[in-house]
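Each chain is listed here by its residues.
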Amino acid sequence: MLREGQTSMKSRLEDAVSPVIGVMLMLAVTIIIAAVVSAFVGGASTQFEKTPQASLRVYCDESGPDFNIIFEHLSGDPIRTEDLKIITWIEGGDGTATKHEQSANDNRSSSAGVRVPYVYDMQKGIVPELEFGEAVWKPGMIAGTGNKAATAEFLGISEEKLGGFIASDTPIEVTIVHIPSGNTILREEFMLGEGQAG
């Protein structure tokens, strides 16, 4: 029998277990919080690729079978065309819209023999290293679709349909997207018409 003020050995052991369990639970919670914070900080420090800063211009040029769309790099950073996607929207007179996307993975134009738009180079001519997806557009460079047939392929329409759009001065919107950053480098609207260079 225990006297007043005395506790049994079992009671003292149980009292000692409670603080140990409490400390272990606090330690587990602290480790979980540290893991969550480090995962958040690690994810927040992911670096995004910088969007090239460039002044570009796009317009149509020439007439007849030489009709083409010109892309001019006026100033700014060089742009790797493998990192670009060109989206075109043509609004038809009947209320329909035709959308087409051109990227570095698309097929080569059957009429130009390269992926368009390709960089114009008087010395080299039309060569694969200057095609869209391979070339680096630098200030002063001009790229284009080359001819009416390649322009139609670039826009994802038939040459006959392109002829109708040209005859009616149909509006076209061209958007150039930098794929790694997801940002738009250029969005420009102009009329699909002959001799519209400007």
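Here, every reference points to the structure presented above.
Because the structure is a prediction, the values reported are computed rather than measured. (Residues numbered from 1 in each chain as written. Predicted model: local features only at pLDDT ≥ 70, side-chain atom pairs only at ≥ 80, totals over all residues. Heavy atoms only, no water.)

Visitor: I'd like a rundown of the sheet that holds strand β9 (residues 170-178), residues and numbers included.
Guide: One open sheet holds the four strands; their spatial order is β5-β4-β9-β10, and the pairing between them is antiparallel. Because the sheet does not close on itself, it has two edges, and the strands there are β5 (97-103) and β10 (183-192). The average angle at which neighbouring strand axes cross in this sheet is 15°, direction not considered. Sheet strands in contact with helix α2 (residues 148-155) are β4 (84-91), β5, β9 and β10, and its direction is about 100° off that of β5. Those strands touched by helix α3 (residues 159-167) are β4, β5, β9 and β10, and its axis lies near 75° from that of β10. (Pairing = 2+ DSSP bridges. Helix = DSSP H or I, 4+ residues; strand = E, 2+ residues; numbered from the N terminus. Axes fitted to C-alpha atoms, helices over the stretch in contact; angles between N-to-C directions. Contact = heavy atoms within 4.5 Å.)

Visitor: How would you summarise the environment of D106 if you had to cite specific residues and measurements?
Guide: Along the chain, D106 falls in the loop between β5 and β6 (118-119). Spatially, the C-alpha atom of D106 lies 9.9 Å from that of F154, the residues being 48 residues apart in sequence. D106 has contacts with E101 and R115, leaving out every residue within four places of it along the chain. Polar side-chain contacts of D106 include one of 2.9 Å to the backbone nitrogen of S103. (Polar contact = N/O pair within 3.5 Å; in protein donor to acceptor, adjacent residues only side chain to side chain.)

Visitor: Any details on empty space enclosed by the protein? Residues and values, ideally.
Guide: A complete count under the given rule lists one cavity of 30 Å³ or more for this structure. Size it by volume and the largest cavity reaches roughly 40 Å³. Surrounding the largest cavity, L56, F71, E72, H73, W137, M141, I142 and A143 form its lining. At the level of secondary structure, the elements contributing two or more residues to the lining of the largest cavity comprise β2 (68-76) and β8 (142-144). With three residues, the top contributor of residues to the lining of the largest cavity is β2. Among the residues forming the lining of the largest cavity, the class breakdown is six nonpolar, one polar and one charged. (1 Å grid on protein atoms, 1.4 Å probe; cavity = no way out; pocket = protein on both sides within 12 Å on 5 of 7 lines; lining within 4 Å. Points joined across faces, edges and corners; volume = space filled by probe spheres on them. Nonpolar A, V, L, I, M, F, W, Y, C, P; charged D, E, K, R; others polar.)

Visitor: Now, about the side chain of E72: what can you tell me, with residues and values included?
Guide: Structurally, E72 is set in strand β2. Assessed through its relative accessible area of 17%, E72 is described here as buried. Reaching out from E72, the side chain makes a polar contact with the side chain of Y59 at a distance of 3.0 Å. With sequence-adjacent residues up to four places away left out, E72 is seen in contact with S55, L56, R57, Y59, M141 and I142. (Buried < 20%, exposed > 50% of the residue type's maximum accessible area, 1.4 Å probe, protein only.)

Visitor: A description of the pattern of salt bridges should follow, citing residues and the corresponding values.
Guide: Opposite charge on two side chains permits pairing when their charged atoms draw close. Tallying each qualifying case throughout the model produces nine salt bridges. E82 serves as the salt-bridge partner of R80, at 3.3 Å between the closest nitrogen and oxygen. Owing to a relative accessible area of 47%, E82 belongs among the partly exposed residues under this scheme. The salt bridge partner of E101 is K85, with a shortest N-O separation of 4.0 Å. Of this pair, E101 sits in strand β5 while K85 sits in strand β4; the two residues are 16 residues apart in sequence, bridging distant segments of the chain. A cluster of three or more residues bridged by salt bridges with shared partners is formed by R80, E82 and D83. (Salt bridge = Lys/Arg side-chain N within 4 Å of Asp/Glu carboxyl O.)

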